[in-house]
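Structural overview
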Amino acid sequence: MFNLWLYHHYETDFKYLFRKQKADGHEGYSVTASRAQRLPPLSAEEIRSKSNMVPPVQVSPLIKTARWSALLIGLIYGKQRYDYLKPIAAEERRIEEEEKKLREEQERIYKQLSEANSDTILK
Amino acid sequence: MAQAVQKLVAKVPTLVGAAVNYSKPRLATFWYYARVELVPPTPAEIPKAISGFQDLLKGFQSGRLGQTTVRDALRNGLVATEVLMWFYIGEIIGKRGLIGYDV
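Here the residue index of a chain counts from 1 through its sequence in written order. In the order they appear in the text, chains get letters beginning with A and ligands get numbers beginning with 1. pLDDT decides what is reported in this predicted model: residues at 70 or higher carry local features, side-chain atom pairs at 80 or more are listed and counted, and totals for whole chains, interfaces and linings draw on all residues regardless. Processing note: side-chain calculations cover all non-hydrogen atoms of the structure and skip hydrogens and water entirely.

**Considerations on the side chain of A:R67**
Each helix is a run of H or I in the DSSP string that is no shorter than four residues. Each strand is a run of E no shorter than two, and both are numbered from the N terminus. Inspection of the secondary structure puts A:R67 in helix 3 (residues 61-117). Overall, A:R67 belongs to the buried group, its relative accessible area being 7%. Think of it in three bands: with a 1.4 Å probe and only protein chains considered, a residue is buried below 20% of the maximum accessible area for its type, exposed above 50%, and partly exposed in between.

So this is what it looks like as structure tokens:
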């Protein structure tokens, strides 16, 4: 299913990346792009015939149905769980906001009290 | 610095062209295999799948599955893992996020 791509058709000569290529008068970098343009691109059939690619395998119907039904069930499960978790998270955020407000109110009161108590003439 | 950036930007269309040239036959190869191996089952194949599953159950009940070689068992385990991964891919698509639920 995952076929190896032919890397070696476009041989990258890395030293060309750092030296000026005198033959073409190109600059040093981006030589790989110009080399890839000068070499004719391999067609799909050439790639398949040059590498040892087997013809596509006939997958059994049981595996096919299992795969695609697993995809469908996963889709439905993901959607339902998201719909279940979303209101819970919104509720938690609301509660957090309220508690934060309460806490900040208390901290403010505490700070005011401590400032009032620590008012001395020595400051 | 600005000149180097300008030269790079001027080379972008050639790079894009080279990338398209490189990827077109490989995409064609991928499509050639995907059209046979990755298609969903036709409605005619579903009864065959059900009967295949029933054969599996019968084999499990009769104890035939205990006779599989380790090599076959490993191969079947790999296939089952691949089927399980499709479930997780479906879940990723359903929750519209790659990692975790974005609530």
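**Regarding the UniProt feature "coiled-coil region" (unreviewed entry) in chain A**
Here the UniProt-annotated "coiled-coil region" (unreviewed entry) positions come out as residues 88-119 of chain A. Secondary structure within residues 88-119 of chain A divides into 94% helix and 0% strand; the distance between the first and last C-alpha atoms comes to 46 Å. UniProt positions are given in the numbering used here, feature names are shortened, and annotations may be inferred rather than shown by experiment.

**A look at the interface of chain B and chain A**
Residue contacts are counted whenever heavy atoms from the two residues lie within 4.5 Å of one another. Facing the 41 residues of chain B at the interface are 46 residues of chain A. When chain B packs against chain A, the two sides together hide about 4,200 Å² of surface, and 70% of this comes from carbon and sulfur. A pairing counts as a salt bridge when a side-chain nitrogen of Lys or Arg comes within 4 Å of a carboxyl oxygen of Asp or Glu. On inspection of chain B and its partner chain A, the count reaches two salt bridges. Residues B:E82 and A:R67 are paired through a salt bridge, measuring 3.0 Å at the closest nitrogen-oxygen approach. Pairing of N or O atoms within 3.5 Å defines a polar contact, subject to two protein rules: one partner must be a possible hydrogen donor and the other a possible acceptor, and residues neighboring in sequence count only if both atoms are side-chain atoms. Summed over the shared surface of chain B and chain A, the result is nine residue pairs in polar contact (both at pLDDT 80 or more). Elements supplying a minimum of two residues to the side of chain B that touches chain A: helix 1 (2-37), helix 2 (45-62) and helix 3 (70-95) of chain B. Two parts lose some accessible area (1.4 Å probe) when they are put together, and adding that loss for both gives the buried area.

**Some remarks on the environment of B:K95**
Relative to the assigned elements, B:K95 resides in helix 3. If near-sequence neighbours (up to four positions away) are discounted, B:K95 is found in contact with A:G78, A:K79, A:Y82, B:G100 and B:Y101.

**Points about the packing of aromatic side chains**
Aromatic rings from Phe, Tyr and Trp, taking only the six-membered ring of Trp, are treated as a pair when their centres fall within 6.5 Å; an angle between ring planes under 30 degrees marks them as stacked, one over 60 as edge-to-face, and anything in between as tilted. One pass over the full model with this rule turns up four aromatic pairs over all chains. For the pair A:Y77 and B:F87, a centre-to-centre distance of 5.8 Å together with 35 degrees between the ring planes defines the contact as tilted. Remark: B:F87 occurs in helix 3 and A:Y77 occurs in helix 3; the pair is interchain, linking two chains. With a relative accessible area of 37%, A:Y77 lands in the partly exposed category. Ring geometry for B:Y32 versus B:Y33: centroids 5.1 Å apart, planes at 75 degrees, classification edge-to-face. For B:Y33, a relative accessible area of 5% gives the class buried. Across the ring face of B:Y101, the terminal group of B:K95 is positioned such that the distance to the ring centre comes to 4.9 Å. The criterion is that NZ of a Lys, or CZ of an Arg, lies within 6 Å of the ring centre and within 35 degrees of the ring normal, and then a charge sits over that ring.

**Points about the confidence of the model for chain B**
Residue and element names in this part refer to chain B. Per-residue confidence from the predictor is reported as pLDDT, which spans 0 to 100. On average, residues of chain B carry a pLDDT of 90, and 100% of them reach 70 or more. Looking across chain B, the model is least confident in helix 1, with a mean pLDDT of 89, and most confident in helix 3, with 94. Scoring of the predicted complex yields 0.66 for pTM and 0.80 for ipTM.

**Structural notes on the pattern of salt bridges**
Scanning the entire structure with this criterion turns up eight salt bridges over all chains. Across the salt bridge formed by B:E45 and A:K64, the nearest N and O atoms sit 3.3 Å from each other. Separated into two different chains, B:E45 in helix 2 and A:K64 in helix 3 make up a pair that spans both. The residues B:E45 and A:K64 share a single accessibility class, namely buried. For A:D83, the salt bridge is made with A:K79, and the minimal N-O distance between the two is 3.2 Å. Taken as a pair, A:D83 and A:K79 lie in helix 3 at a separation of four residues, close to a single helical turn. A:D83 sits in the partly exposed class, given a relative accessible area of 42%. In the salt-bridge network here, residues are joined through shared partners; they are A:E91, A:R94 and A:E98.

**Things to note about the packing of helix 3 of chain A against helix 3 of chain B**
Two numbers describe a pair of packed helices, the interaxial angle and the distance between the axes. Put simply, helix 3 of chain A and helix 3 of chain B touch, their axes get as near as 6 Å, and they point 35 degrees apart. Two packed elements cross with a definite hand, and for helix 3 of chain A against helix 3 of chain B that hand is right-handed. Considering only residue class, the contact of helix 3 of chain A with helix 3 of chain B consists of 15 nonpolar, four polar and five charged. The angle between two axes is taken between their N-to-C directions and runs from 0 to 180 degrees, where each axis is a line fitted to C-alpha atoms and a helix contributes only its stretch in contact. Two helices crossing with the near one rotated counterclockwise from the far one by less than a right angle form a left-handed crossing, whereas a clockwise rotation gives a right-handed crossing. Under the scheme applied, nonpolar residues are Ala, Val, Leu, Ile, Met, Phe, Trp, Tyr, Cys and Pro; charged residues are Asp, Glu, Lys and Arg; polar residues are all the others, including Gly.

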